[in-house]
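Residue-level structure breakdown
Now for the letters of each chain:
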Amino acid sequence: MQEKSKIKNFRDLEVWQLAMEIVTDSYKYTKSFSREEMYGLINQIRRAALSIASNIAVGSFYILLSARAPNWKRKLRLVCF
């Protein structure tokens with residue numbers, strides 16, 4: 001397990017790195033599917049795999065942001081509204 005001080009962004013997280021392996025594997029394995037599945041099952045599998053890594057990245061952003069700026073939600077409301 002990595003020390004907290006070494007984690008600077010989501011790319012440093014082991015779970016994100018594993019999720020990216022899932023993305024790579026999903027592209028590799030779905031390559032052999034039939035062409036009829038291109039816009040059905042293949043697309044769904046690839047989007048689902050990418051969604052895992054994307055959600056980890058977004059979630060880690062909010063965690064890191066709240067650690068650095070505890071009142072970020074209030075500041076965001078002031079900027080957006």
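For the structure, see preceding data.
Predicted model, so just to flag it, every value in this text is computed and none were measured.

**Examining the overall build of the protein chain**
Counting its secondary structure elements, the protein chain contains 3 helices and 0 strands. If you list the helices and strands of the protein chain from N to C, you get α-α-α. Look at the contacts in the protein chain between residues 6 or more apart in sequence, and 43% of them connect residues 24 or more apart. When the accessible area of the protein chain is evaluated, it comes to approximately 6,700 Å², of which 61% is carbon and sulfur surface.

**Here we look at the side chain of Arg 46**
Mapped onto the elements, Arg 46 comes out in helix H2 (residues 41–68). Arg 46 gets classed as buried once you look at its relative accessible area, which sits at 18%. When sequence neighbours within four positions are dropped, the list of residues in contact with Arg 46 reads Ser 26, Tyr 27, Thr 30 and Lys 31.

**A look at the packing of aromatic side chains**
Tallied over the entire structure, the rule returns 1 aromatic pair. Ring geometry for Phe 10 versus Trp 16: centroids 5.2 Å apart, planes at 75 degrees, classification edge-to-face.

**Brief notes about the environment of Arg 47**
Relative to the helices and strands, Arg 47 resides in helix H2. Judged by its relative accessible area of 52%, Arg 47 is exposed. Sequence separation between Arg 47 and Ser 26 is 21 residues, and the spatial gap between their C-alpha atoms is 9.5 Å.

**Let's talk about the side chain of Ser 26**
With respect to the element layout, Ser 26 can be found in helix H1 (residues 14–30). Under the relative-accessibility criterion, Ser 26 is labelled buried at 9%. With residues near it in sequence (within four places) discarded, Ser 26 still touches Ile 45, Arg 46 and Ala 49.

About the cut-offs
- Residues numbered from 1 in each chain as written.
- Predicted model: local features only at pLDDT ≥ 70, side-chain atom pairs only at ≥ 80, totals over all residues.
- Heavy atoms only, no water.
- Helix = DSSP H or I, 4+ residues; strand = E, 2+ residues; numbered from the N terminus.
- Contact = heavy atoms within 4.5 Å.
- Areas by Shrake-Rupley, 256 points an atom, 1.4 Å probe, with all protein chains shown as cover.
- Buried < 20%, exposed > 50% of the residue type's maximum accessible area, 1.4 Å probe, protein only.
- Phe/Tyr/Trp six-rings, centres within 6.5 Å; stacked < 30°, edge-to-face > 60°.

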